[in-house]
Each structure stands twice: as structure tokens, then as C-alpha cells.
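# Residue-level structure breakdown
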Amino acid sequence: MATVTLKGNTFNTSGNLPEIGTSAPTFNLTKNDLSGASLEDFKGSKVVLNIFPSIDTGTCAQSVRQFNKEASELENTKVLCISKDLPFAQARFCGAEGIENVVMLSDFKDGGFGDTYGLTFTNGPLETLHSRAVVVIDENGRVAYTEQVPEIVDEPNYKAALEALMDG
């Protein structure tokens, strides 16, 4: 399990992010139109998994805006923004913010994504939500980069994630 802090208070996740060089675990999530989406749907593309607790917090919203702006400009790259928010809330946010270059996905049905990727909080005020993390997957479905953001109110290292996309 990983240890993450929230304003200096320590909390745990259900496991660790997948190891670099391994095959990315598959997942089934829900799109804003309530249809399903899996990792297989993005096969052949570079994929950024931008994972966060809730779209309704400032840091989470900023990470979606930032990846919408930067990573979406890269060729053959899909940015998947994943939380346990309801798809309706994700759609509302994207509509209000003019977010069009990322795919919003929800793990609200069973939390299987969070469990598989080892990032579900197991204690604390955000228990059952996802920790803030970034996973970059190459065109062959292998994990190229991971970041478990150690302080939940901090933004991820966008530069390192983008460099992993360009190196891949």
C-alpha cells in the first residue's frame, strides 16, 4: 500500500500503482453517456490516466484543465480523467469549463479500477475515493510512467508525465 498525506495527515491506499514496464491492468469504467469504456478501447494509442478524488475540488479540476491543454496536443495520445464522481457531475464540469480534449470516466459502479490500480483510499476522510495519481501507458499497453502524488492537495508533475509520453 502507498502512504499519502492530506494537509500533513497520513492515509493509506489499497495497494501500489502498477510497475513500470508491466502490462497495464485492464479496466471497465463508465463514460458520461453511461456507456462503458475499457483500456482495450484505446489500444494503439498512448494513454494518460489522470486519476483524482473528485472533479469538485480545485486541484482535481486544475489537473483536468492542464492535461486538456497540454497532453491533448500530442499525437496519438488519449487523456483519460478518472474519478468516482457520477458521470453527470463530470459532464457538467466539462460543459461549464469547455473541456473537450479529454475523456472523462467514472469508477462509481464498483470501484474496480481503484482496487486494480491500488489507489483506493482505505482510511481517512476520502476513504473509498481514489488518490491523486498519473499513469502513462505506451501504444503497446505497457506502463511507461507512474506518479502517486504524495500530498493529495498538490498537483501532479505534468512535465514528467508529458516527457514520458514523448520518450515512449
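Cut-offs and rules
- Residues numbered from 1 in each chain as written.
- Predicted model: local features only at pLDDT ≥ 70, side-chain atom pairs only at ≥ 80, totals over all residues.
- Heavy atoms only, no water.
- Core = buried A, V, L, I, M, F, W, Y, C linked by side-chain atoms within 4.5 Å.
- Buried < 20%, exposed > 50% of the residue type's maximum accessible area, 1.4 Å probe, protein only.
- Helix = DSSP H or I, 4+ residues; strand = E, 2+ residues; numbered from the N terminus.
- 1 Å grid on protein atoms, 1.4 Å probe; cavity = no way out; pocket = protein on both sides within 12 Å on 5 of 7 lines; lining within 4 Å.
- Points joined across faces, edges and corners; volume = space filled by probe spheres on them.
- Nonpolar A, V, L, I, M, F, W, Y, C, P; charged D, E, K, R; others polar.
- Salt bridge = Lys/Arg side-chain N within 4 Å of Asp/Glu carboxyl O.
- Lys, Arg positive; Asp, Glu negative; His and termini not counted.
- Polar contact = N/O pair within 3.5 Å; in protein donor to acceptor, adjacent residues only side chain to side chain.
- Contact = heavy atoms within 4.5 Å.
- Phe/Tyr/Trp six-rings, centres within 6.5 Å; stacked < 30°, edge-to-face > 60°.
- Patch = residues over 30% accessible without salt bridge, like charges linked within 9 Å, V, L, I, M, F, W, Y side chains within 5 Å.
- Areas by Shrake-Rupley, 256 points an atom, 1.4 Å probe, with all protein chains shown as cover.

## What to know about the nonpolar core
With 20 residues, the main nonpolar core has Phe27, Leu49, Phe113 and Tyr117 as its most contacted residues. Taken together, the elements giving at least two residues each to this core come down to strand E5 (46-51), strand E6 (77-83) and strand E8 (133-137). Val134, Tyr158, Leu162 and Leu165 belong to the second-largest nonpolar core, a separate cluster that totals 18 residues.

## Looking at the layout of surface pockets
Considering only enclosed or pocket space, the largest pocket measures out at about 180 Å³ in volume. What lines the largest pocket is a set of 15 residues, among which Leu39, Glu40, Lys43, Asn140 and Gly141 lie closest to the centre. Within the lining of the largest pocket, the residues separate by chemical class into five nonpolar, six polar and four charged.

## Considerations on the pattern of salt bridges
Here the structure, examined in full by the defined rule, presents one salt bridge. Salt-bridge contacts for Glu163 lead to Lys159; the nearest nitrogen and oxygen are separated by 4.0 Å. Here Lys159 and Glu163 lie together in helix H4 (residues 158-167), a separation of four residues that amounts to about one turn. Taking relative accessible area as the criterion, Lys159 reaches 60% and is therefore assigned exposed.

## So, the side chain of Asp138
As for its placement among the helices and strands, Asp138 is situated in the loop between E8 and strand E9 (143-148). There is no salt bridge for the buried Asp138, and the closest opposite charge comes from Arg142, which lies 5.9 Å off by N-O distance. A distance of 2.9 Å separates the side chain of Asp138 from the backbone nitrogen of Asn140, its partner in a polar contact. Contacts of Asp138, omitting those with residues within four sequence positions, involve Ser45 and Lys46.

## Some points on the side chain of His130
Mapping His130 onto the fold places it in the loop between helix H3 (112-116) and E8. The buried category is assigned to His130, whose relative accessible area is 0%. Reaching out from His130, the side chain makes a polar contact with the side chain of Asp107 at a distance of 2.8 Å.

## Let's talk about the environment of Glu19
With respect to the helices, strands and loops of the structure, Glu19 is situated in the loop between strand E2 (9-12) and strand E3 (28-30). The spacing of Glu19 and Tyr145 is 126 residues in sequence and 8.5 Å in space, taken between C-alpha atoms.

## Things to note about the packing of aromatic side chains
With the rule as written, the count across this model stands at three aromatic pairs. Each residue in the set Phe27, Phe113 and Tyr117 is aromatic and connected to the rest through ring pairs, giving one cluster.

## Here's the deal with unusual backbone geometry
With a phi angle near 50°, Lys7 is a residue other than glycine that sits in the positive phi range. By the secondary structure assignment, Lys7 is in the loop between strand E1 (3-6) and E2. Among the residues examined, Lys7 registers a relative accessible area of 69% and is labelled exposed. Phi is positive for Leu34, which is not a glycine, with a value near 75°.

## Regarding the environment of Ile20
For Ile20, the position within the fold is in the loop between E2 and E3. Placed 123 residues apart in sequence, Ile20 and Val143 show a C-alpha to C-alpha distance of 4.9 Å. Those residues in contact with Ile20 that lie beyond four places of it in its chain are Val143, Ala144, Tyr145 and Thr146.

## A short note on a nonpolar patch on the surface
Together, Leu34, Leu86, Phe88 and Phe108 give the surface a local cluster of nonpolar side chains, amounting to about 380 Å² of exposed area. Mapped onto the elements, Leu34 comes out in the loop between E3 and strand E4 (36-38). According to the relative accessible area criterion, Leu34 is partly exposed, its value standing at 44%.

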